[in-house]
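# Survey of secondary and tertiary structure
If you want the building blocks of each chain, they are given just below.
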Amino acid sequence: MVLVQQNSVEKFIEHSNMDERSFHTKQTDHGTAKGLDNIQNENETQTKRPTGEERSHGLWKLHQEPSTPPRCKAFGGRTEKLILRAKRKHRTDLHYRAWSKYKHYKTWPDVKARLIRNCPENIKKIFGPSYDMSRFQHEFEYTNKPCLIAGLCDEWTARENWSFERLREKYGERHFKCGEDDDGYAIKVKLKHFLRYQSSHEPGGAKLDDSPLYIFEPNFDDDKVLKNLVNEYSVPHIFTEDLFSLVGEKTRPPYRWMLFGPERSGSCVHIDPLGSSAWNALLRGRKLWVLFPPEFKKRTVKGKKYINQKIEDDEAIDWFSSILPKMLVEEETLSEKMISFIQRPGETVFVPTDWWHAVLNLDDTIAVTQNFCSSGNFEAVWRHTRTGRTRMAGNWLDELKKVRPDLYEKAHKINEQDKFDFMAVLCKAIAKREAKRERKRIKKMQKKFKREEHKKNDSTDSEASSSSSSESSDSE
């Protein structure tokens, strides 16, 4: 009986131990399974963590939609007169009522949709913060390849401050350049008047104009108030090498612009001056770009022979909507090498040296752009500058000798390779400048001499008249 009880107890203990081991095993298995689930969830969380491009896109998401026009007074009165005056100066060949003669505003929604739908988006896209200046120069500047860059202006205060509403409130009374007259002088209007024009659907307003006026403001430093705009953005780190800065702000060519572009406005196909490269950062709206490599000639990319004067003009809207499609049909090499894409807020375009490019504003846009010379494009820029801005090139060469002797030597080697006598050209340019100054001095002296002669004659006449009057009184 005792033996039976002992066996029963042993079996119970063994069974209990088995249950305990199985319980711990189940607990361990459950814990392991739960741990694996946690690890898997953490991995999924890590994989779902946004990339740099996604974070940048998130910052600009609010600005992806077309900008809301600022609350302005109605277009008319003084604003209408000032805009009309600007139009007459900008296009002397065009009657002010003819700014909407092609009625592009009627077809614009369909044309815009077609341009967006047919855009190949075939440009190289990169994330700017993952590049340093050296890497960018070797991959894009030395190879002369364009690209579209995200993430370069995420930290700018202009990202929030450069809305149409805020700029109107802060700078509405300042004058901005919206064109040039036939003599090359700037045409300026106050920003508040321009924004009324930009948002107006009335006759004479930008919403009805075929190709509206377009603000390109270069003179930030000439206005103490506008100078504050420079502090609201910074040159992206990959474009900080600026060799033209060596000659000083007053001597260097114009190089930076703030842009206000109403929809349908734009710039026709061109290359940037002096072989410089450019970056263009967009803060509001969308731009459509077309680029062609330097190998194409001007007459090929301009496509003037395809213009039908009866139904189209030589403006950006006509080039994009009508002239370019004809060119691509007739010129197969153009379609093969054309780069076209849509730039959105927060993105920066890099345009290399001597690349042809045209831009059309799909929405009302705000952008900032700068041209620059760096080690990556120095060779091309030097060849353009030594003939295009000879006296400045002489000063530039002196500064390069002090700061960048490697580029100073490179400039001399380029001159030797091209058999270009730079000193002879420089002396000729200086002599020409001195002769011009001497002509001005002589002309000024001649005017002064004539004024003095007139004064003498006037005084002589007055004396003669006074003496004659006295003689007549004496005779009486």
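Residues numbered from 1 in each chain as written. Predicted model: local features only at pLDDT ≥ 70, side-chain atom pairs only at ≥ 80, totals over all residues. Heavy atoms only, no water.

Turning our attention to the overall build of the protein. Regarding its fold elements, the protein presents 15 helices and 13 strands. Out of the 476 residues in the protein, the part that is buried amounts to 43%. Considering only intrachain contacts with a sequence separation of at least 6, the fraction spanning at least 24 residues in the protein is 81%. Surface accessibility of the protein: about 27,200 Å² in total, with carbon and sulfur atoms responsible for 51%. (Helix = DSSP H or I, 4+ residues; strand = E, 2+ residues; numbered from the N terminus. Buried < 20%, exposed > 50% of the residue type's maximum accessible area, 1.4 Å probe, protein only. Contact = heavy atoms within 4.5 Å. Areas by Shrake-Rupley, 256 points an atom, 1.4 Å probe, with all protein chains shown as cover.)

With that settled, the discussion passes to the environment of Val247. Its location among the elements puts Val247 in the loop between β5 (215-217) and β6 (256-261). C-alpha separation for the pair Val247 and Gly394, spaced 147 residues apart in sequence, amounts to 9.9 Å. Beyond its immediate stretch of four places on either side in the chain, Val247 contacts Arg252, Met392, Asn395 and Trp396.

Turning to the pattern of salt bridges, a few remarks are in order. Inspection of the entire model under this criterion finds 29 salt bridges. Connected through shared salt-bridge partners, Arg91, Asp93, Asp313 and Glu315 make up one network. (Salt bridge = Lys/Arg side-chain N within 4 Å of Asp/Glu carboxyl O.)

A separate point is the confidence of the model for the protein. The predicted model of the protein averages 86 in pLDDT, with 84% of residues at 70 or higher. This stretch, residues 1-34, has a pLDDT under 50; its non-local contacts, to residues over four places away or in other chains, come to zero contacts. (pLDDT = per-residue confidence, 0-100.)

Once that is clear, we can look at the sheet that holds β6. The strand order β1-β2-β11-β8-β13-β6-β5 describes an open sheet built from seven strands, whose pairing is mixed. Each edge of the open sheet carries a strand with a single partner, namely β1 (125-127) and β5. Taking each pair of neighbouring strands and ignoring which way they run, the sheet shows an average axis angle of 25°. Inspection of the sheet shows β5 paired to β6 by three bridges, in the antiparallel sense. Bridge assignment links Phe216 to a residue of β6, and that residue is Leu259. (Pairing = 2+ DSSP bridges. Axes fitted to C-alpha atoms, helices over the stretch in contact; angles between N-to-C directions.)

Attention shifts here to the packing of helix α13 (residues 390-403) against helix α14 (residues 405-418). Contact geometry for α13 and α14: axes closest at 6 Å, N-to-C directions at 135°. Compared by their axis directions, α13 and α14 come out oblique. Two secondary-structure elements touch here, α13 through Leu397, Leu400, Lys401 and Val403 and α14 through Pro405, Leu407, Tyr408, Ala411 and His412. Class assignment for the residues of the contact of α13 with α14 results in seven nonpolar, one polar and one charged. (Parallel < 35°, antiparallel > 145°, perpendicular 65-115°, else oblique. Nonpolar A, V, L, I, M, F, W, Y, C, P; charged D, E, K, R; others polar.)

Our focus in this paragraph is the sheet that holds strand β10 (residues 339-343). The four strands lie next to each other as β7-β12-β9-β10, forming an open sheet whose pairing is antiparallel. In the strand order of this sheet, the two ends are held by β7 (266-270) and β10, each with one partner. On average, each strand axis in the sheet is tilted by 15° relative to the strand beside it, whichever way the strands run. With five bridges joining them, strand β9 (residues 287-292) and β10 adopt antiparallel strand pairing. Within the sheet, the bridge partner assigned to Lys287 lies in β10 and is Gln343.

The topology assignment puts Thr390 in helix α13. Since its relative accessible area comes to 10%, Thr390 is described here as buried. There is a polar contact of 3.0 Å between the side chain of Thr390 and the backbone oxygen of Arg386. Look past the residues within four positions of Thr390 in its chain and what remains in contact with it is Thr385, Phe422, Val425, Leu426 and Ala429. (Polar contact = N/O pair within 3.5 Å; in protein donor to acceptor, adjacent residues only side chain to side chain.)

By size, the foremost hydrophobic cluster in this structure holds 47 residues, and its most contacted members are Phe136, Trp162 and Phe260. Per-element tally for this core: the top contributor is helix α8 (residues 191-198), with four residues. Look past the residues within four positions of Phe260 in its chain and what remains in contact with it is Phe164, Leu167, Phe176, Leu191, Phe194, Tyr214, Ile215, Thr365 and Ile366. In terms of nonpolar packing, the next biggest core, distinct from the first, is built from 26 residues, Leu115, Tyr306, Ile307 and Met338 among them. (Core = buried A, V, L, I, M, F, W, Y, C linked by side-chain atoms within 4.5 Å.)

Counted residue by residue, strand β11 (residues 347-351) has five buried out of five residues, so it is predominantly covered. Of the two faces of β11, the one carrying Glu347, Val349 and Val351 and the one carrying Thr348 and Phe350 are both buried. The sheet contact formed by strand β2 (residues 147-150) and β11 spans four bridges and is antiparallel. Paired with Ile149 across the two strands is Thr348, which belongs to β11. Here strand β8 (residues 277-284) runs beside β11; their pairing, made up of four bridges, is antiparallel. When the bridges of β11 are listed, Asn280 appears paired with Val349.

With that settled, the discussion passes to unusual backbone geometry. Here Asn144, not a glycine, exhibits a phi torsion of approximately 60°, which is positive. Along the polypeptide, Asn144 turns up in the loop between α5 (133-141) and β2. In this structure Asn144 comes out as partly exposed when scored by relative accessible area, which is 23%. If you check the backbone angles, Asp354 has positive phi at about 65° while not being a glycine. Turning to its location among the elements, Asp354 is positioned in the loop between β11 and β12 (356-361).

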